[in-house]
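# Descriptive analysis of the structure
Here is how the chains run, residue by residue.
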Amino acid sequence: MRLDKFLKVSRLVKRRTLAKEVCDQGRVLVDGKPAKAGTNISVGDELTIRFGQKIVTVRIEKIVENAKKDEAGLMYTLLREEKLQSDSDVLSF
């Protein structure tokens, strides 16, 4: 599955267009490497996403084409959630 679609279906990002923008800005890493929206992801991959002053790291547990709201959270496991303190932390990502 494409990275931008996974982010939308899993509800980590609200809209697919927003997911594409986040990827294109270099704010998403797959297994530690910068990823584009079209990157194919698979079960076991680790995603690191920077949302403003927060960095979230998740592991993909399952991939489904469509998920209801209560099923979306089962698609990944939250590994870390860090709040950034200063602008220098944001630049080092």
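See the structure above.
So, here is what we can say about the structure in this document. (Residues numbered from 1 in each chain as written. Predicted model: local features only at pLDDT ≥ 70, side-chain atom pairs only at ≥ 80, totals over all residues. Heavy atoms only, no water.)

## Quick look at unusual backbone geometry
The phi dihedral of R11 is positive, around 65°, even though this residue is not glycine. Of note, R11 is situated in the loop between α1 (3–9) and α2 (16–24). Exposure remark for R11: the relative accessible area of 45% places this residue in the partly exposed category. One non-glycine residue, D31, lies in positive phi territory at about 50°. Along the polypeptide, D31 turns up in the loop between β1 (28–30) and β2 (33–34). (Helix = DSSP H or I, 4+ residues; strand = E, 2+ residues; numbered from the N terminus. Buried < 20%, exposed > 50% of the residue type's maximum accessible area, 1.4 Å probe, protein only.)

## Focus: the pattern of salt bridges
The full count for this structure, using the stated rule, is seven salt bridges. With a closest N to O distance of 3.3 Å, D4 and R16 form a salt bridge. In this pair, D4 is assigned in helix α1 and R16 in helix α2, connecting sequence segments 12 residues apart. A residue is classified by how much of its surface remains accessible, and D4, at 3% relative accessible area, is buried. For E81, the salt bridge goes to K54, with nearest N and O atoms at 3.3 Å. Pair noted here: E81 is in strand β5 (residues 76–83) and K54 is in strand β4 (residues 54–60), with a separation of 27 residues, a long-range link. Judged by its relative accessible area of 46%, E81 is partly exposed. The exposure class of K54 is partly exposed, given its relative accessible area of 28%. (Salt bridge = Lys/Arg side-chain N within 4 Å of Asp/Glu carboxyl O.)

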